[in-house]
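Residue-level listing of the chains:
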Amino acid sequence: FTSGSSAGQDMTSYYAGFETGFQGFGITLPTFALPASAARADFDAYLQREPVVGQPLGKVSRGYSIGEIDFGVRFKLLDTFGWPVRPPEPEVEPAEVMPAHAMPPVAEQPTEEEADDPEAEGVDGEAAGQEEVAEEAIRLDPAGEQAAHPEAGAAIPLVDDTAQVAPPVDRGGIRFRTTVGARYRFALKDPDRDPYLVPDVFLQQPIGDGQPDIALEVYQDVAFGSRFWLVAGAEYGIQMQDELVRRVALPDQPYALASQEVTVSRDLGDYLQIVVSPRFALADALSLALEYTYWSKQDDQYEAVGSNVDATPLTVETGQTRHLLGIGAYYRTTRLYAAGLSGLPIDLAFVWETAIGGSGGQTPAASVVTVSARVPFKLF
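S.K.: I tried to follow the nonpolar core on my own but got confused; where do I start?
M.R.: One finds Leu244, Val248, Val262, Val264, Leu268, Tyr302, Ala304, Ala311 and Leu314 forming the largest nonpolar core, which totals 9 residues. Elements supplying a minimum of two residues to this core: strand 8 (261–267) and strand 11 (301–304).

Rendered as structure tokens:
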């Protein structure tokens, strides 16, 4: 493909069509020029020097990957919620047991021959009557306990298999709970490797950002009675500095050339996230919620390492503000577990939110689905 050749003219025409199409979206493509003469080696060198690598988004497949892991702790500063407690069991008065000497005598059981002889001594229905009276006394015991055999002289309580565990009792009125915490986000992979922003792949969907963060958080819960409460929280994230390779270009040049690759020092902007979630309890462990999230991130900072290249174009449009609104469902047995009414303390959550507003040229207007499962335990 050389300038003036038939193939070169076709190539220039095709590229001109692409330029016109992209200009309709306000995007200027890199300048395209063919050499006057070239051999195969020149063409290979050109591709190695100025490659543009891309794939249709529908064909991009990265699979599943864990990009980051958070390690954190949380402490309760104030809690007037209290733990649910079982109501006291009703007191049952012990049954009065008739002393052995006061029990009516129990007739001896007749032998087989005496049972067949209607005129045998003592077999006139009296023994059977006494035994019947004893059984009736057992059945009419008002305390629900069975008297032992007179020779034992003690009572054996009956086991009530139908007894039910009482539900927890929560305090009424307005209650408060304040917790604070901190988390360290550990990036598992190099930011210049898949699935992060590899400079040579443009239509890539990153997972995480490839550098560690420190997050500080505070949450305030306010309960109104036993069904309604409000959760409000704030998180401030400090994004740590790192080094990586980037192609220095303005946002309106998405397909930057390979010759623009520079090693840069990157300091992603710190962020603030505020969450407000009014909730309604359907049961002791299940609640539904409305979810609102405000997200704001400062501008990123870039500086070239080992060169005089101006890396400030990478900072353009990196500040973000986003408003999300959605719904959530929570299943939590922690409080029931503390009261002895659940076998395992588990915390399940499903939250769906979608962007309803924001600012910043690179702020994604996306829907976010969060699914979490936790098993908490108390240190002290």
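S.K.: Would you take a moment to explain the sheet that holds strand 8 for this structure?
M.R.: Sheet strands pair via backbone hydrogen bonds, and the direction of the pair is either parallel or antiparallel. With antiparallel pairing, 3 strands are arranged side by side in an open sheet as 7-8-11. The sheet terminates laterally at strand 7 (242–247) and strand 11, the two strands that pair on one side only. Taking the axes of each pair of neighbouring strands and ignoring which way they run, one obtains an average angle of 40° across the sheet. Two strands pair when backbone bridges link them, and strand 8 and strand 11 are joined in this way by 4 bridges, in the antiparallel orientation. Its bridge partner being in strand 11, Ser265 is matched across the sheet by Glu303.

S.K.: Would you explain the sheet that holds strand 12 (residues 320–332) in this entry?
M.R.: Judged by pairing direction, the sheet is antiparallel, and its 9 strands sit side by side in the order 1-4-5-6-9-10-12-13-14 without closing on themselves. Among the strands making up the open sheet, the edge pair consists of strand 1 (68–79) and strand 14 (367–374). Averaged over all pairs of adjacent strands, the angle between their axes in this sheet comes to 20°, without regard to strand direction.

S.K.: When you look at the environment of Phe228 in this model, what are you seeing that I'm missing?
M.R.: Mapped onto the secondary structure, Phe228 falls in strand 6 (residues 228–239). In this structure, the C-alpha to C-alpha distance between Phe228 and Ala281, residues 53 residues apart in sequence, is 6.5 Å. In this structure, Phe228 is in contact with Ala223, Arg279 and Phe280, ignoring residues within four places of it in sequence.

S.K.: What is the right way to read the environment of Val351 from this model?
M.R.: Relative to the elements of secondary structure, Val351 occurs in strand 13 (residues 347–359). For the pair formed by Val351 and Tyr330, sequence separation is 21 residues and the distance between their alpha carbons is 8.6 Å. When near neighbours in sequence (up to four residues on either side) are disregarded, Val351 contacts Glu291, Ile327, Gly328, Tyr330, Val368, Val369 and Thr370.

S.K.: Can you walk me through the pattern of salt bridges in this structure?
M.R.: Note on pairing: side chains with opposite charge can pair once their charged atoms come close. Tallied over the entire structure, the rule returns 14 salt bridges. Ionic pairing is found between Glu68 and Arg185, a salt bridge with its closest N-O pair at 3.8 Å. Of the two residues, Glu68 is situated in strand 1 and Arg185 in strand 4 (residues 174–187); the sequence distance between them amounts to 117 residues. Under the relative-accessibility criterion, Glu68 is labelled partly exposed at 25%. The closest approach of N and O atoms between Arg183 and Glu217, which form a salt bridge, is 3.6 Å. Here Arg183 is found in strand 4, whereas its partner Glu217 is found in strand 5 (residues 213–224), with 34 residues between them in sequence. In this structure, Arg183 and Glu217 share a single accessibility class: buried.

The rules behind each value
- Residues numbered from 1 in each chain as written.
- Predicted model: local features only at pLDDT ≥ 70, side-chain atom pairs only at ≥ 80, totals over all residues.
- Heavy atoms only, no water.
- Core = buried A, V, L, I, M, F, W, Y, C linked by side-chain atoms within 4.5 Å.
- Buried < 20%, exposed > 50% of the residue type's maximum accessible area, 1.4 Å probe, protein only.
- Helix = DSSP H or I, 4+ residues; strand = E, 2+ residues; numbered from the N terminus.
- Pairing = 2+ DSSP bridges.
- Axes fitted to C-alpha atoms, helices over the stretch in contact; angles between N-to-C directions.
- Contact = heavy atoms within 4.5 Å.
- Salt bridge = Lys/Arg side-chain N within 4 Å of Asp/Glu carboxyl O.

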